[in-house]
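Structural description and commentary
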Amino acid sequence: MANIAIVDTLTPVFVHQFQDPDSGDVQTAYQYIIEDLQENIVHDTGKKLSTQSFFQVPQGVLNWGVRYKFKVRVWDKFDVPSEYSPYEFFLPNRAPNVTDVHPGTNDSQNPMGAGTAPEFTWAFEDLDLEAQQSYQLKIYNLSDALVYDSSRIYKNVNKHQIPDGVLSDGTVYYATVTVWDPNGLSTTSEKAYFRTNATPDAPILTGPVDNYRTDLKPTFVGIVGTDLENNGMHFAIQISKDSNFEGDEVLTFRSDQD
């Protein structure tokens, strides 16, 4: 089964070649037998009177994700049958799908914002319930020049971190993700457009002083960080009894809302 063929249909077409040492002899019939790997016959054409050298499997015979083998024999014009051919193995299998590449949008006029070293994520889907075997992430500029290529990575993960120094600030790019299933079938995502934007510096909290008592309505004071693109900024303050800011008692105040 090292040379198993992958077919993307349940009605594949098999092709054979008639050969006979007798000059002028021709095929008058053929027989195809399809079996599963447990030697169960799933389809037998029987002796089919025909000179054609191909056979299409009818609907309802094969199932996705099942490995099969087949053999064929032919009859000459004197109704003498040949030996069966060696078994050939095949697997009906559907290509995987990749969707929801983020950051990104399929609208080149409205790219999604992202940092200069974004982490990309995507959704892997496979109708044959197979896992992702490998992936490859590529990023292009709007001139279609390749600026980053992860190469093919043999991991079943749905995220990839872009290293620092690859992308420039304030630039529109698009990314594509190609995924492979264990049978070597692959699909490439649609283009995901994004615009890089440097992350602003974190603000520095100056009041209240750490571990000092306050009244029930303290005033919070801080130094606003800088933004390389000079974008307008807003801030959020969170207050919690839990140092990990978990639970239901986390209070959040946003300057763009409150």
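This write-up is about the structure you can find in this document.

Secondary structure assignment for the protein yields zero helices and 21 strands. Taken against the 2.2 N^0.38 rule, which gives 18 Å for 258 residues, the C-alpha radius of gyration of the protein at 31 Å runs more than 25% over that of a compact globule. Expressed as lengths along the three principal axes of its C-alpha atoms, the size of the protein is roughly 105 × 45 × 30 Å. Split into buried and exposed, the 258 residues of the protein put 31% on the buried side.

Per the counting criterion, the structure on display carries 14 aromatic pairs. Ring centres 4.0 Å apart and planes at 10° place the aromatic pair phenylalanine 14 and phenylalanine 70 in the stacked group. Taken together, the residues span a long stretch of sequence, with phenylalanine 14 in strand E2 (residues 13–15) and phenylalanine 70 in strand E7 (residues 68–76) at a distance of 56 residues. Residue phenylalanine 14 shares its accessibility class with phenylalanine 70, and that shared class is buried. The interplanar angle of 75° and the centroid separation of 5.3 Å between the aromatic rings of phenylalanine 120 and phenylalanine 194 together place this pair among those described as edge-to-face. Of this pair, phenylalanine 120 sits in strand E11 (residues 119–125) while phenylalanine 194 sits in strand E17 (residues 192–196), and the two are 74 residues apart along the sequence.

Soluble globular proteins: nonpolar side chains tend toward being buried together. Counting residues in each nonpolar core, the largest one holds 19 residues, and the members touching the most others are Phe120, Ile139 and Phe194. If you list the elements that add at least two residues to this core, you get strand E9 (97–102), E11, strand E12 (134–141), strand E15 (172–180) and E17. Considering every element that reaches this core, the biggest residue donor is E15, with four residues. Setting aside its immediate chain neighbours within four residues, isoleucine 139 contacts Phe120, Ala145, Leu146, Val147, Tyr148, Ile162, Leu167, Tyr173, Tyr174, Ala175 and Phe194. In terms of nonpolar packing, the next biggest core, distinct from the first, is built from 14 residues, Tyr30, Phe70, Val72 and Val74 among them.

Attention now goes to the pattern of salt bridges. Scanning the entire structure with this criterion turns up five salt bridges. A salt bridge links lysine 241 to glutamate 249; the nearest nitrogen and oxygen atoms lie 3.5 Å apart. For glutamate 249, a relative accessible area of 51% translates into the label exposed. Here aspartate 256 makes a salt bridge to arginine 254, at a shortest N to O gap of 3.0 Å. On the basis of relative accessibility, which here comes to 41%, the residue aspartate 256 falls in the partly exposed class.

The next subject is the sheet that holds strand E14 (residues 159–161). Ordered in space as E9-E11-E14, the three strands form an open sheet in which the pairing is antiparallel. Taken across any chain shown, the strands that pair with only one partner, and hence form the sheet edges, are E9 and E14. Going across the sheet, the axis of each strand differs from the next one's by a mean of 20°, ignoring polarity. Bridge count for E11 against E14 is three bridges, and the pairing is antiparallel. By the bridge assignment, threonine 121 is partnered in E14 with lysine 159.

Turning next to a nonpolar patch on the surface. Together, Leu205, Phe220, Ile239, Leu251 and Phe253 make up an exposed nonpolar region whose accessible area comes to about 440 Å². Its location among the elements puts phenylalanine 220 in the loop between strand E18 (204–207) and strand E19 (221–223).

Criteria and thresholds
Residues numbered from 1 in each chain as written. Predicted model: local features only at pLDDT ≥ 70, side-chain atom pairs only at ≥ 80, totals over all residues. Heavy atoms only, no water. Helix = DSSP H or I, 4+ residues; strand = E, 2+ residues; numbered from the N terminus. Rg over C-alpha atoms; globule rule 2.2 N^0.38 Å. Buried < 20%, exposed > 50% of the residue type's maximum accessible area, 1.4 Å probe, protein only. Phe/Tyr/Trp six-rings, centres within 6.5 Å; stacked < 30°, edge-to-face > 60°. Core = buried A, V, L, I, M, F, W, Y, C linked by side-chain atoms within 4.5 Å. Contact = heavy atoms within 4.5 Å. Salt bridge = Lys/Arg side-chain N within 4 Å of Asp/Glu carboxyl O. Pairing = 2+ DSSP bridges. Axes fitted to C-alpha atoms, helices over the stretch in contact; angles between N-to-C directions. Patch = residues over 30% accessible without salt bridge, like charges linked within 9 Å, V, L, I, M, F, W, Y side chains within 5 Å. Areas by Shrake-Rupley, 256 points an atom, 1.4 Å probe, with all protein chains shown as cover.

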